[in-house]
Amino acid sequence: MRTRTKTVVWFDEVGKNDVGLVGGKGANLGEMTRAGIPVPPGFIVTADAYFSFLAQANLAANIKKILASLDPHDSDKLQRASAAIMTAISGVKMPEEIGKEILVAYKRMGDGPVAVRSSATAEDLPDASFAGQQSTYLNVEGETRLLEAVQDCWASLFQQRAIFYRAERGYDHLKVGIAVPVQRMVQSEVSGVLFTVDPMTGDREKILIEAAYGLGESVVSGETTPDMYVVEKRTMGIVERSVAIQPWKLVRNLRLSKNGKDANIKVDMPEAEGGKQKLTDDCIVELARLAGRIERHYGSPQDIEWAREDGRFYIVQSRPVTTLKEEAEEERGEEPVGNVLVKGSQASPGVVAGPVKVILDASEIGKVLEGDILVAEMTTPDFVPAMKRAVGIVTDRGGRTCHAAIVSRELGIPCVVGTGNATHALKTGQVVTVDGATGRVYEGDITDRFTAVKEKTYRGDLKTTTRLYVNLAEPDLADVVAKRNVDGVGLLRAEFIIARIGEHPSLVVKEGRQEEYITKLAEGLTKFAAAFHPRPVVYRTNDFKTNEYSNLKGGQEFEQFEENPMIGYRGCSRYVRESEAFRLEIEAIKRVRERYNNLWVMIPFVRTVEELAKAKKIMDDDGLSRSKDFKLWMMVEVPSNVFLLDRFLDVGIDGISIGSNDLTQLILGIDRDNSKFAEEFDERNPAVMMALESVITRCKARGVSASICGQAPSFYPDLTEKLVEWGITSVSVSPDMIERTREIIANAEERLGKAPQQ
Ligand code: PEP
Ligand code: MG
């Protein structure tokens, strides 16, 4: 326990052990200052000052009263309570001695423009930053405005989300504190970011520096193309440089600063000026040396934001680089950056923090709120509404082609699968950080310890001869994804739409409600067909397994329990044994095609040639037959399809699409959802590759379209090159991989001398 309270401490008076007094952000600024790293100078208004303010202003009792009977789930009341407390904190006059001390410190700093930030503290809570909030005010100038900004940061502890969060966890609202770092603003002439390791190649011998004129925001946000310099650590030689022509620079708009808004303006630069090298060679080396010092201080590669003002370098932020290179498996998060609670397989990349919601049964999905981390044994199509509200997903079981993995990639949220015990090890309400790229789940919100590897920018207008399709299932995403550089949908999974309808098709048939079902299904399909028209949308007819069917309303009546649903009553065999459900889909497709003729069909999980022929006949009988604009495809996902490909093609189809998830499962004999075998489940296994090559080259020889829609090219981009080499006609990937895959295809085609598509 501290005995003497302090209102203000200077950066060099605190270090990493002072989180209780100055919060995480404050402690880090102190740590860097003490290590002699040139941080823009500043002081921190301590958590003690905040507590003393609460006591002197007699606010505690009032806050307690407002929050005592609050139901945080009642959003109107929550909003009113938050507004009342925030107004009370901002509105009351700051006690004189606190204000005086702050202003003395401000004067000592030279009273120019400052950045005022929040740094929540709570000595006994692992998730302080989450329990508090993160208000920041840039370019604050003048005594009155500074004191207001400090008070506004204090008030931000009672933003709605923060109250809700603490109430849910039973934390005492009045024990969470907040410190406020006040730091001189750097009005940088040149600024940028640097990595003490090459983030693209993972080469630790190199320092990569990016530099642009003006404020760093434009570089961090990727709006400006910066100069790039690579320095070799050993020799400090500049081994690579590219100088960009900068058309404008970002500068602070000082006139607007009084209202506390971070207002920047763009100032045009003449080409002669914008095209200069932004840092001289001497400055580049000086900065590289400084970067080396910081890396040595922290003992790990760093991602650093820097600025240069009046001939001096300043370090604005330094964070460890944890994900060195997305595509290099072996580089992924070698060193955990926090306390790992569970570990599983990487399923969808990204880092996110939030409170856990353990859901043991699909009937409980209503408990998942916006911003939660959904933790389940396994997900099924019934979980989808909750998955859309969640910011991250963690499962006990499943490999990287399981439902959770596929859906989370489509939704673009981080996901870790196959942890074995997440539903036991993680508790509802506990805050965790999910790192989808390493498969780790950490205690608390430690997102600030991660750095986003700068995303490579891809051209959005590349054309290729090989078509690039996208895998989709969620109707709400159709419009957005259709705007991107894709040639159509190579796999429209029916299951999302059908799960939304929510009823077992046999129940619908039994009760004579076919029309209602067909209308709903047609509505869902229309969203895709309309969004992508005239580009093709390949609808994969329903491939629910019996366990998934039985979750639908009425499912228990019509489905029998199976030990191994993966190889059970699924796919084409259902269409030919009980054609009524299949006929509902055919009817819906026909209706949609009356307006949108770009909707095609693909039959999944076909075991025998006869089965395919029968399914085709049902379609023909119902008036859905191949034509100039209606193509019928079959998925290749059972090894018999590979061996007997010619006979399957002889049935008369327009194309195939390789379902590499099921095909790999069946060639290697590995249940794709069994996390024990996550490592061995690898489409690059020579047996699988042999099958892919054989199928693609034979289709090419027969002039039949060959596509792929399993996760393989989304997960192993290098594999795509091989597919192009063998003559695949289209590749279908998850939305997160569109641009990258297009570039891989374009490069492969260029190498092979294929002309780009017109
Ligand atoms: C596959 O098996 O590769 C495929 C695309 O289908 P699903 O993952 O839906 O089984
Ligand atoms: Mg499949």
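Residue numbers here run from 1 along each chain, matching the order of that chain's written sequence. Here chains are named by letter from A upward and ligands by number from 1 upward, in the order in which they appear as written. Note on the predicted model: pLDDT of at least 70 is required for a residue's local features to be given, and 80 or more for side-chain atom pairs to be given and counted; whole-chain, interface and lining totals, by contrast, use all residues. Values reported for side chains reflect all heavy atoms of the structure, with hydrogen atoms and water molecules removed beforehand.

Moving on to the overall build of the chain. In terms of helices and strands, the chain carries 30 helices and 30 strands. C-alpha atoms define the radius of gyration in this analysis, and the globule rule sets the expected value at 2.2 Å times the number of residues to the power 0.38. In summary, the chain has a C-alpha radius of gyration of 29 Å against a globular reference of 27 Å for 758 residues, a match within 12%. Principal-axis analysis of the C-alpha atoms places the extent of the chain at approximately 85 × 65 × 45 Å. Within the span of the chain, comprising 758 residues, buried residues form 58% of the whole. A helix here means a DSSP run of H or I that spans at least four residues, while a strand means a run of E at least two residues long, and both kinds are numbered starting from the N terminus. Per-residue accessibility, obtained with a 1.4 Å probe over protein chains only, is compared with the maximum for each type, and a residue is labelled buried under 20%, exposed over 50%, and partly exposed between these values.

Moving on, we get to the site of ligand 1. Surveying the vicinity of ligand 1 reveals 14 residues, the closest of which are Arg 540, Glu 637, Gly 659, Asn 661 and Arg 672. Two N or O atoms form a polar contact when they lie within 3.5 Å of each other; inside protein one atom must be a possible hydrogen donor and the other a possible acceptor, and for residues adjacent in sequence the pair counts only when both atoms belong to side chains. One of the side-chain N or O atoms of Arg 540 is found 2.8 Å from an oxygen atom in ligand 1. Glu 637 is positioned such that a nitrogen or oxygen atom in its side chain is 2.9 Å from an oxygen atom of ligand 1. Each accessible area value is a Shrake-Rupley result obtained with a 1.4 Å probe; residue values ignore everything except the protein chains displayed when judging cover. Protein burial of ligand 1: of its 290 Å² of free accessible surface, 97% is covered by the chains. Where the shell around ligand 1 is concerned, the elements lending two or more residues are strand 24 (489-493) and helix 26 (660-668). Looking at the shell around ligand 1 element by element, the count peaks at three residues for helix 26. Neighbouring residues are identified by heavy atoms, a residue being near a molecule or strand if any of them is within 4 Å of it.

Quick look at the nonpolar core now. Put simply, buried Ala, Val, Leu, Ile, Met, Phe, Trp, Tyr and Cys residues joined by side-chain atoms within 4.5 Å make one nonpolar core. Among the nonpolar cores identified, the biggest contains 85 residues, and Leu 525, Phe 532 and Ile 656 are the most heavily contacted of them. With nine residues, helix 18 (residues 514-532) is the largest single contributor of residues to this core. Contact between two residues is taken to exist if any of their heavy atoms lie within 4.5 Å; hydrogens are not considered. Once residues within four sequence positions are removed from consideration, Phe 532 is found in contact with Val 470, Leu 472, Ala 478, Val 481, Ala 482, Val 486, Gly 488, Val 489, Val 537 and Asn 598. In this structure, Ala 149, Cys 153, Ala 155 and Val 180 belong to the second largest nonpolar core, which totals 42 residues.

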